Structures are given as structure tokens and as C-alpha cells.
Amino acid sequence: MRYKQSLCTFFWFLAVFFVFFPFSVEAEETTLNTYVTPHFPESQVDESKGYYELRLAPGQKETLRLEVGNSSVDPIKIQITPHTAYTNVLGTVEYGKDAPEADPTLVHSLDELMTSSGVIALAENETKVVEILLEMPEEAFEGYLAGGLRIVEVKNEEESEAPEEEGVAIKNEFAHVVGVVVSNTGDSVQPVLELLDVFADQLNYRNVISATLQNFTPAFVNRLEVEATVKRAGESDVLYEASKEMMQMAPNSNFNFPISLEGDRFRSGNYVLELRAKSGENEWSWTRMFTIDADDARKLNREDVMIDNRPNWWMISALFLAVVWIMLGTYRFLLRRKRLDERE
């Protein structure tokens, strides 16, 4: 009897769960159908590395050879695309994607110096060597250009479209990325950072204060540490703070370092940011005043998923009752005064 009751309870709970929490998840398999092996040319600086690190003269052309294979029992199509390295919001270097907007100090974009492969067909268990042409800028440059080659399986249109159903649809794209770093001389350049801007922002629909850090030199900034605090202008209390270590910046790139409000609302006014950055023996520090506009604060607060923007019906009801009580009191007072005047 107890077993039947438990079983009924289980099925009842299961039915309620699927009624009130419908969801559908679509994800590609976590295993890749391809494998990639770079074949290094004579210009490779260190063959023990798993990426291209090339030293080439101005105007020199080089052919990058990639051995790509299909490890599945079905025919597939792949494509190899070049990209220029940039720094993402997490403070890591992206080699296989394009920045939303290139840093204005970037003179040569590596993706423009390399060719794309087009779509390549691979039969089951087939291996091919694909050649990517790299042509260096005619004029000499200091430091490094950085980027990568992204090798991704090309899906048919019907395979890449997720069904339009209620709930959540998740689709992951898995790819190989082979880094490409080129230079004329291999001489290192001392990195220099600048604080470009401070402003009210959002990260994943959560309020943050973003500090835009720029590396305007053709050098990597390694083991970057950042500490930041935000205070009201004229006050000493720290409102918000953030710190992070072991970050890296790509040459001639910038990123927005986020300082979370931890679920707080933006409030308009003047603020002061104090930020310190360190990379090896290099240190930088800034003190910058910035303003949060009232319109921007309201807009961002409405979009923050951590803030409850629903009407406070208890407060509205209390205010309504208070207004009604005042009106009734005023009416009774005027009525009583009128009666007294009539008696006189």
C-alpha cells in the first residue's frame, strides 16, 4: 500500500514538473568529428609550440599547412577562417573570433593578411592538407601581430536550425583554433596601458561599471592584475570594488573591465574610480571621475534581471489608503466647520 502511494506521489510530482517547467535542450555532441595538426614552415621560431610563431621579413609570403582529418564514419564539410586576436571581457585573448570593433591603434589586422580556405569536403576517415597563404605587410613593424585559424565543421541549414518550441534551446558550436603570431624581428616591445573610459554598463543583463583598458602597443600584456574601487564623489566609503589576476591582453586591443554592482540599482550622480593595474614590473594607476545620468540609470535598472522592477502593491495600497484617509479627514473637517458657521 505504501509502495503504491509513493509511486502515485512520484508520478504526480513528475506531471506537475513537466506542466509547469517545460523545456527542450538541443546541443551538439561534445566530441569533434575533426582533428587538426599544423605543419610548421622553416620560419617557425619554436616547433615545440602547438601554434604558428613565425618570424618573417616585410612583404614576405608564407604558406601555412594544416592537416585536417575526418574521424567520423560520415562525410563532412569544414572551413578554415582567419581571425585577428583581441581581448574579451574576461581578460583573455580570443584567437578564433573577431572583435566587435577593432582597437583604433591596430595598424595591421592579421585576418586581412591570410586567406580563407573555402568549404572543404572530407569523406569518412579522410585526411587532407590545406594551405593558407600569409602575406606580410610591405612596411616593417615592431612587436607582434596575433590571430588564429578557426577550423569548424560546416553544418547543413536544416541541421543548424533549432526547432521553435517553448522552453530553452541550446546549440553549441565546437571548433579547433590554431594560433598565429608573426613578427619581423622577434624583439619585445614594452607594453603600455591607458584608461580610455568609465561608464555605467551591463554584463549578462546585470549592472556593472565598466572601465575600458587599452593596450596600444604591439605586445602581449601577460599576468595582468587589476584592482578597482568606486566611490561617490566627495565621499570616502567604497561602494563597489573588483579585482582579478592572471589576465592577458592581445597586442593593440582593449576590453571593458567590469565592476559589479552585486544586484544594486544605478543611482545618478558623480562617482570616482580608482584603478590599479600590474603586469610583471610594470604598474599603472588612474583616478577618474565619471557621471551616471538619470536616464541611463533608469534604463539599465529596468533591464537588470537581478532587480525586481515589479510594482510594489503594498506600498501603492498604503499610499492609496493614506490619500483616502486624508481626503476623508479633510471632508469631515470642512463639513464640521460648515455646520458651526450655520449655527452662528
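Whatever comes next refers back to the structure up there.
Reference entry: report on the structure contained in this document. (Residues numbered from 1 in each chain as written. Predicted model: local features only at pLDDT ≥ 70, side-chain atom pairs only at ≥ 80, totals over all residues. Heavy atoms only, no water.)

### Let's talk about empty space enclosed by the protein
The gaps of empty space that remain are located by a probe, the size of a water molecule, rolled over the atoms. On inspection of all chains with the given rule, the structure shows one cavity of 30 Å³ or more. Space inside the largest cavity adds up to approximately 50 Å³. Surrounding the largest cavity, Thr84, Ala85, Leu106, His108, Leu110, Tyr144, Leu145, Ala146 and Pro251 form its lining. Among the residues forming the lining of the largest cavity, the class breakdown is seven nonpolar, two polar and no charged. (1 Å grid on protein atoms, 1.4 Å probe; cavity = no way out; pocket = protein on both sides within 12 Å on 5 of 7 lines; lining within 4 Å. Points joined across faces, edges and corners; volume = space filled by probe spheres on them. Nonpolar A, V, L, I, M, F, W, Y, C, P; charged D, E, K, R; others polar.)

### What about the packing of aromatic side chains?
Across all of its chains, the model carries two aromatic pairs by this definition. When the ring of phenylalanine 40 is compared with that of tyrosine 52, the centres are 5.5 Å apart and the planes differ by 85°; the resulting orientation is edge-to-face. Placement of phenylalanine 40 in the loop between β1 (34–39) and β2 (52–55) and of tyrosine 52 in strand β2 is noted, with a sequence separation of twelve residues between them. Judged by its relative accessible area of 23%, phenylalanine 40 falls in the partly exposed class. A centroid spacing of 5.8 Å and a plane angle of 25° characterise the contact between tyrosine 271 and phenylalanine 290, whose relative ring orientation is stacked. Here the residue tyrosine 271 occupies a position in strand β16 (residues 269–279), and phenylalanine 290 occupies one in strand β17 (residues 282–292), the gap between them amounting to 19 residues. Side by side, tyrosine 271 and phenylalanine 290 carry an identical accessibility label, which is buried. (Phe/Tyr/Trp six-rings, centres within 6.5 Å; stacked < 30°, edge-to-face > 60°. Helix = DSSP H or I, 4+ residues; strand = E, 2+ residues; numbered from the N terminus. Buried < 20%, exposed > 50% of the residue type's maximum accessible area, 1.4 Å probe, protein only.)

### As for unusual backbone geometry
Look at tyrosine 205: it is not a glycine, yet its phi comes out positive at around 60°. Tracing the backbone shows tyrosine 205 in the loop between β11 (193–202) and β12 (207–215). The class for tyrosine 205 is exposed, based on a relative accessible area of 57%. Positive phi outside glycine occurs at asparagine 252, with the angle close to 45°. Secondary-structure assignment places asparagine 252 in the loop between β14 (238–249) and β15 (253–260). Using a relative accessible area of 9% as the deciding quantity, one classes asparagine 252 as buried.

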